[in-house]
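Chain by chain, the residues:
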Amino acid sequence: MDHTNHVRLSSTELTPAILEGATIYGANDHKVGKVDHVHGAGAGTAAIVDVGGFLGIGAKPVAVPLSDLEFMRDQDGHVHAVTTWTKDQLEKMPEHHH
């Protein structure tokens, strides 16, 4: 997917209601996970991303700083993010516990 023409979200749009459920694309444009929920506020905000598993079963939640994710809308208005993290790197992160 070519993300160059997708509209980047402004900082005021980085809210749980908008970000939760967003698909995250990593290195080589592979889907690496989905935002489950947002944790914290301000500079220390993290997206809790479900990585791995199948159809939501067996996924591992990991905390990724929002600063490592670039959120945007595609031409249909769907919110998604791109990151330089790979799925393997995310799966090696410590599990986030609520």
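Above this text sits the structure in question.
Keep in mind that this is a model prediction, so the values were computed, not measured.

Engineer: It is not clear to me how the overall build of the chain should be interpreted in this structure. Could you clarify?
Structural biologist: Within the chain, the secondary structure is distributed over 2 helices and 7 strands. Starting at the N terminus and walking to the C terminus, you meet the elements of the chain as β-α-β-β-β-β-β-β-α. Taken over the C-alpha trace, the chain has a radius of gyration of 13 Å; the compact-globule value for 98 residues is 13 Å, and the two agree within 12%. Dimensions along the principal axes, computed over C-alpha positions, put the chain at roughly 30 × 30 × 20 Å. Counting every position in the chain, which comprises 98 residues, the buried fraction comes to 37%. A sequence separation of at least 24 residues applies to 46% of the contacts in the chain between residues at least 6 apart. For the chain, the computed accessible surface area is about 5900 Å², with 53% contributed by carbon and sulfur atoms. In the chain, 7 side chains carry a positive charge and 13 a negative one; their mean positions are 3 Å apart.

Engineer: What's the story with empty space enclosed by the protein in this structure? I'm lost.
Structural biologist: In this approach the atoms are scanned with a rolling probe the size of a water molecule, which exposes any empty space left behind. What the rule picks out here adds up to 1 cavity of 30 Å³ or more. Of the volumes computed, that of the largest cavity is approximately 30 Å³. Every residue along the wall of the largest cavity is listed here: Ile24, Val49, Val64, Leu69, Thr83, Trp85 and Leu90. Tallied by class, residues from the lining of the largest cavity come to 6 nonpolar, 1 polar and no charged.

Engineer: Would you mind going over the pattern of salt bridges with me for this structure?
Structural biologist: Pairs can form between side chains of opposite charge once their charged atoms are near each other. As enumerated under the stated definition, the model contains 2 salt bridges in all. Linking glutamate 70 and arginine 8 is a salt bridge whose minimum nitrogen-to-oxygen distance equals 2.7 Å. Of this pair, glutamate 70 sits in strand β6 (residues 70–73) while arginine 8 sits in strand β1 (residues 7–8), and the two are 62 residues apart along the sequence. For glutamate 70, a relative accessible area of 36% puts it in the partly exposed group. The partner of arginine 73 in a salt bridge is glutamate 13, and the shortest N-O contact between them spans 2.7 Å. Separated by 60 residues along the polypeptide, arginine 73 in strand β6 and glutamate 13 in the loop between β1 and α1 (16–19) bring together distant segments of the chain.

Engineer: Which parts of the structure should I look at to understand the side chain of histidine 96?
Structural biologist: One can find histidine 96 in the segment after α2 (87–91). When near neighbours in sequence (up to four residues on either side) are disregarded, histidine 96 contacts His37, His39, Ile48, Pro61, Val62 and Ala63.

So, how was this worked out
Residues numbered from 1 in each chain as written. Predicted model: local features only at pLDDT ≥ 70, side-chain atom pairs only at ≥ 80, totals over all residues. Heavy atoms only, no water. Helix = DSSP H or I, 4+ residues; strand = E, 2+ residues; numbered from the N terminus. Rg over C-alpha atoms; globule rule 2.2 N^0.38 Å. Buried < 20%, exposed > 50% of the residue type's maximum accessible area, 1.4 Å probe, protein only. Contact = heavy atoms within 4.5 Å. Areas by Shrake-Rupley, 256 points an atom, 1.4 Å probe, with all protein chains shown as cover. Lys, Arg positive; Asp, Glu negative; His and termini not counted. Charge placed at Lys NZ, Arg CZ, Asp CG, Glu CD. 1 Å grid on protein atoms, 1.4 Å probe; cavity = no way out; pocket = protein on both sides within 12 Å on 5 of 7 lines; lining within 4 Å. Points joined across faces, edges and corners; volume = space filled by probe spheres on them. Nonpolar A, V, L, I, M, F, W, Y, C, P; charged D, E, K, R; others polar. Salt bridge = Lys/Arg side-chain N within 4 Å of Asp/Glu carboxyl O.

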